[in-house]
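# Tertiary structure, described
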Amino acid sequence: MADIILGIESSCDDTSAAVIKDGWLLSNVIASQDVHKAYGGVVPELASRAHEQNIVPVVSEALARAGVSAGELSAIAFTRGPGLLGSLLVGTSFAKALSISLDIPMVMVNHLHGHILAGFVKEEGKPVVQPGFPYLCLLVSGGNSQIVKVNSPLDFEILGQTIDDAVGEAFDKCSKMMGLGYPGGPVIDKLAKQGDPERFKFAKPHIPGLDYSFSGIKTSLLYFVRDEIAKDPDFIGKNKEDICASFQKALIDILMDKLIKAAKQTGIREITIGGGVSANSGLRTRIVEEGRRRGWNTYLPEFKFTTDNAAMIAIAGYYHYLAGERTPLDVAPVSRMADF
Ligand code: KG4
């Protein structure tokens, strides 16, 4: 009998539901929340309210598009954390209610585990191209910046991670500070394409090992822009393309330095990226170039699997389910990775 998993993702500001059958994607529905744009960042209370409004229609739509009835589901995979507690509570409570009413098991998923396995979602009509184990995943999003060694679908270890801000936060906060909009990553990515990446230089962190730090470079940009605006109030307007190109290049350099170091240290040449920042065109180009130079096999996720989505939660849940894992109904969501 086929294993049909409903995935539910509600860790931040996207409500998403997906259905997979034996690892093949049948549907993946995402409702993004525009309500946060006016505030230049995600407002947790507004996010959980929007999840409450979205979750029933999003799950219904995912089942309808998959052509699957609720009664045919084998299990429900849901994001337990890390993320915003109120948002996670909506997905977790919904999964519990569905699990009770359908009398099927539920399986909790670590959101980051989903990003790491996003490349394992198989799609009809598309070639199945998956990294071999062990592989390294550069996981870069609004809340995380990590280098993860993935030994098998259920066994992974974090080799390095940010000690302060995530790289996505650096994109978002700097864009907000320059008045360029939210979320910052896509805006900076777009402007960077028209700018000179060598024009401005930013201080690089010196963090030992494979850990990252992005708060220093954020402050470096902040002071630089403030000083220049004091001389010319329209400095940003006149130079935004070059500022974005130089800033983005500095962020990519920081990410790549440690990834190269991790690949050398482990001898692993299977390299993937995941998380919202993996949509960045500069990072994608750079990883492919480095890969060619260093003999890596690089795997880039499709854009739709870079940001938060339930397909990746469903596939991670599928592996947990196959391993016989079941989550009890008294489970509570957790906001921090350390609590998982
Ligand atoms: O994984 P994700 O959807 O969720 C959170 O971690 O919240 O990542 C969102 C992050 C944001 O910081 C956003 O600015 C960034 O991904 N992002 C990008 C791009 N598209 C989204 N960063 C750089 N370049 C992009 N093209």
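Let me sum up the structure you'll find in this document. Note that this is a predicted model, so its numbers are computed, not measured. (Residues numbered from 1 in each chain as written. Predicted model: local features only at pLDDT ≥ 70, side-chain atom pairs only at ≥ 80, totals over all residues. Heavy atoms only, no water.)

Near the ligand there are 20 residues, and of these G142, D172, D189, G276 and N280 occur at the shortest range. One of the backbone N or O atoms of G142 is found 2.8 Å from an oxygen atom in the ligand. Between the ligand and G185 there is a distance of 3.0 Å, counted from an oxygen atom to a backbone nitrogen or oxygen. In isolation the ligand exposes 550 Å². Once the protein is present, 87% of that is buried. Residue assignment for the shell around the ligand shows that the elements contributing at least two residues are α4 (167–177) and α5 (184–192). Of the residues forming the shell around the ligand, the biggest block, 4 residues, is contributed by α5. In terms of residue class, the shell around the ligand is made up of 6 nonpolar, 11 polar and 3 charged. (Near = heavy atom within 4 Å. Polar contact = N/O pair within 3.5 Å; in protein donor to acceptor, adjacent residues only side chain to side chain. Areas by Shrake-Rupley, 256 points an atom, 1.4 Å probe, with all protein chains shown as cover. Helix = DSSP H or I, 4+ residues; strand = E, 2+ residues; numbered from the N terminus. Nonpolar A, V, L, I, M, F, W, Y, C, P; charged D, E, K, R; others polar.)

Here we come to the packing of aromatic side chains. The final tally for this structure, using the stated rule, is 11 aromatic pairs. Ring centres 5.6 Å apart and planes at 35° place the aromatic pair F133 and Y135 in the tilted group. F133 gets classed as partly exposed once you look at its relative accessible area, which sits at 36%. For Y135, a relative accessible area of 1% corresponds to the buried category. Seen from their ring centres, F200 and F224 are 5.0 Å apart, and the 55° between their planes marks the pair as tilted. Residue F200 is located in the loop between α5 and α6 (215–231), and its partner F224 is located in helix α6; the two are separated by 24 residues in the primary sequence. For the residue pair F200 and F224, the accessibility class agrees, reading buried in each case. Feature note: the residues F120, F133, Y135, Y318 and Y319 constitute an aromatic cluster, connected by ring pairs. Its guanidinium or amino end placed over the ring of F303, R284 lies 4.3 Å from that ring's centre, counting from NZ or CZ. (Phe/Tyr/Trp six-rings, centres within 6.5 Å; stacked < 30°, edge-to-face > 60°. Buried < 20%, exposed > 50% of the residue type's maximum accessible area, 1.4 Å probe, protein only. Lys NZ or Arg CZ within 6 Å of the ring centre and 35° of its normal.)

Where helix α7 (residues 235–266) contacts helix α8 (residues 281–294), the axes come no closer than 10 Å and their chain directions differ by 35°. Crossing handedness for the pair α7 and α8: right-handed. In this structure, α7 uses Q248, I252, D253, L255, M256, L259, I260 and K264 to contact α8, whose residues at the interface are G282, L283, R286, I287, E290 and R294. For the contact of α7 with α8, a count of residues per class yields 7 nonpolar, 2 polar and 5 charged. (Axes fitted to C-alpha atoms, helices over the stretch in contact; angles between N-to-C directions. Left-handed = near helix turned anticlockwise from the far one by under 90°. Contact = heavy atoms within 4.5 Å.)

Once that is clear, we can look at the nonpolar core. Within soluble globular proteins, side chains that are nonpolar tend to cluster in buried spots. The biggest cluster of nonpolar side chains holds 45 residues, and the ones touching the most others in it are L138, F214 and F247. Looking at this core, the elements that each hand over two or more residues are β6 (135–140), α4, α5, α6, α7, β9 (270–274) and α8. With 16 residues, the top contributor of residues to this core is α7. Non-local contacts of F214, meaning those with residues more than four positions away in its chain, are made with S145, T162, D164, D165, A166, V167, A170, L251, I254 and L255. The next biggest cluster of nonpolar side chains, apart from the first, holds 29 residues, and it includes V109, C137, V148 and A314. (Core = buried A, V, L, I, M, F, W, Y, C linked by side-chain atoms within 4.5 Å.)

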